[in-house]
Amino acid sequence: MRLDRFVCKSTMLTRVQASSAIERGEVCVNGQTMTSERAQVHENNLVTLNGVALSCRPFRYLLLNKTAGTICSNIDEVYPSLFNNIDIEHRDELHIAGRLDADTTGLVLITDDGRWSFNIITPSKQCRKVYRVGLSKAIDLDAADKFKQGIQLQGEEKLTKPALLEMITPKDVRLTITEGKFHQVKRMFASIGNKVVTLHRERIGDIQLDVMPGEWRYLTQLEIESFSDKDL
Ligand code: URA
């Protein structure tokens, strides 16, 4: 990771304070003064600040049940940030792996480990996301076949990847997709002449939502490892 990030993750310094300390020559990597905040360091490098060895805080991995009317952003905008529900230290170091719209509820994964979240959001990994979808009218009988073949979304060059549509009742369905295009679920149903009225993410990969709305918990080791560098 970048040296300034390493210094932040191992001290109480902000990014700006860490950069200033690096510029002033207070930080050494393996005994050598390093004045570039962009220098890359590994966890097994010996990094010191004013001669004191630093050790990085371990990465954190959380799941949250997002409520409607909150946004997947680190700061409040038109709606409040979902981070208001997470009362832990160094909240600003965390980011969201796969955003939901303001009116969408359900499973959100949050971490400060960029390599881990890359495995969730990068299209090539085809990570499965499962949504429960409430519709404005009964689903067409051929919808499952269309979603399996792939749908042409407006403004996209390629068809959507095969998706699994399961009917619970005619207006209440479950959809599994392996992509995360902008407003993908809403656009998929719009393209077959229907409208999403409620949208709730139940699952990402092997991780199932199991906390109440607005609540969060840390992931288990097994859940974290399910997104390590392997097929998902
Ligand atoms: N697809 C959408 O349209 N919205 C979301 O929030 C997530 C997936």
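Residues numbered from 1 in each chain as written. Predicted model: local features only at pLDDT ≥ 70, side-chain atom pairs only at ≥ 80, totals over all residues. Heavy atoms only, no water.

**Notes on the overall build of the protein chain**
Scanning the protein chain for helices and strands turns up six helices and 13 strands. Seen through its principal axes, the protein chain has C-alpha atoms that stretch 70 × 35 × 30 Å. Across the 232 residues of the protein chain, 45% fall into the buried class. Considering only residue pairs separated by 6 or more positions, the protein chain has 63% of its internal contacts joining residues 24 or more positions apart. (Helix = DSSP H or I, 4+ residues; strand = E, 2+ residues; numbered from the N terminus. Buried < 20%, exposed > 50% of the residue type's maximum accessible area, 1.4 Å probe, protein only. Contact = heavy atoms within 4.5 Å.)

**Points about the nonpolar core**
Judged by nonpolar contacts, the single largest core of 31 residues is most densely connected at I110, V133, F147, L175, V185 and F189. Of all elements in the fold, only β5 (61-66), β7 (105-111), β8 (129-135), α4 (143-149), β10 (172-177), α5 (184-191) and β11 (196-204) reach the threshold of two or more residues within this core. The next biggest cluster of nonpolar side chains, apart from the first, holds 15 residues, and it includes L63, I120, C127 and I207. (Core = buried A, V, L, I, M, F, W, Y, C linked by side-chain atoms within 4.5 Å.)

**Observations concerning the site of the ligand**
The immediate surroundings of the ligand are formed by L100, D101, T104, Y131, H183, Q184, V185, K186 and L199. D101 has a polar side-chain atom sitting 2.7 Å from a nitrogen atom of the ligand. At 2.9 Å from an oxygen atom of the ligand is found a side-chain nitrogen or oxygen belonging to T104. Coverage of the ligand by the protein chains reaches 95% of its 240 Å² of free accessible surface. The element that contributes the greatest number of residues to the shell around the ligand is α5, accounting for three residues. By residue class, the composition of the shell around the ligand is four nonpolar, three polar and two charged. (Near = heavy atom within 4 Å. Polar contact = N/O pair within 3.5 Å; in protein donor to acceptor, adjacent residues only side chain to side chain. Areas by Shrake-Rupley, 256 points an atom, 1.4 Å probe, with all protein chains shown as cover. Nonpolar A, V, L, I, M, F, W, Y, C, P; charged D, E, K, R; others polar.)

**A short note on the packing of aromatic side chains**
On inspection of all chains with the given rule, the structure shows four aromatic pairs. Seen in terms of ring centroids, Y61 and W116 are 4.9 Å apart; in terms of plane orientation they differ by 70°. Their pairing is edge-to-face. Of the two residues, Y61 sits in strand β5 while W116 sits in helix α3 (residues 114-121), which places them 55 residues apart along the sequence. Summarising the aromatic geometry, the rings of W216 and Y218 are spaced 5.1 Å apart at their centres and angled 85° between planes, so their arrangement reads as edge-to-face. On the basis of relative accessible area, Y218 is assigned to the partly exposed category, the value being 42%. An aromatic cluster of three or more residues is present, and its members are Y61, W116 and F227. (Phe/Tyr/Trp six-rings, centres within 6.5 Å; stacked < 30°, edge-to-face > 60°.)

**Digging into the pairing of strand β9 (residues 164-169)**
Direction of pairing for β9 relative to β10: antiparallel, over a ladder of five bridges. Pairing of L164 across the sheet is with T176, part of β10. Taking the residues between adjacent antiparallel strands as the criterion, β9 and β10 are bridged by two residues. (Pairing = 2+ DSSP bridges.)

**Looking at the domain arrangement of the protein chain**
Assigned domains of the protein chain: these are domain 1 (3-53) and domain 2 (61-224). With centres defined by C-alpha atoms, the gap from domain 1 to domain 2 works out at 37 Å. (Domains from an automatic or database assignment.)

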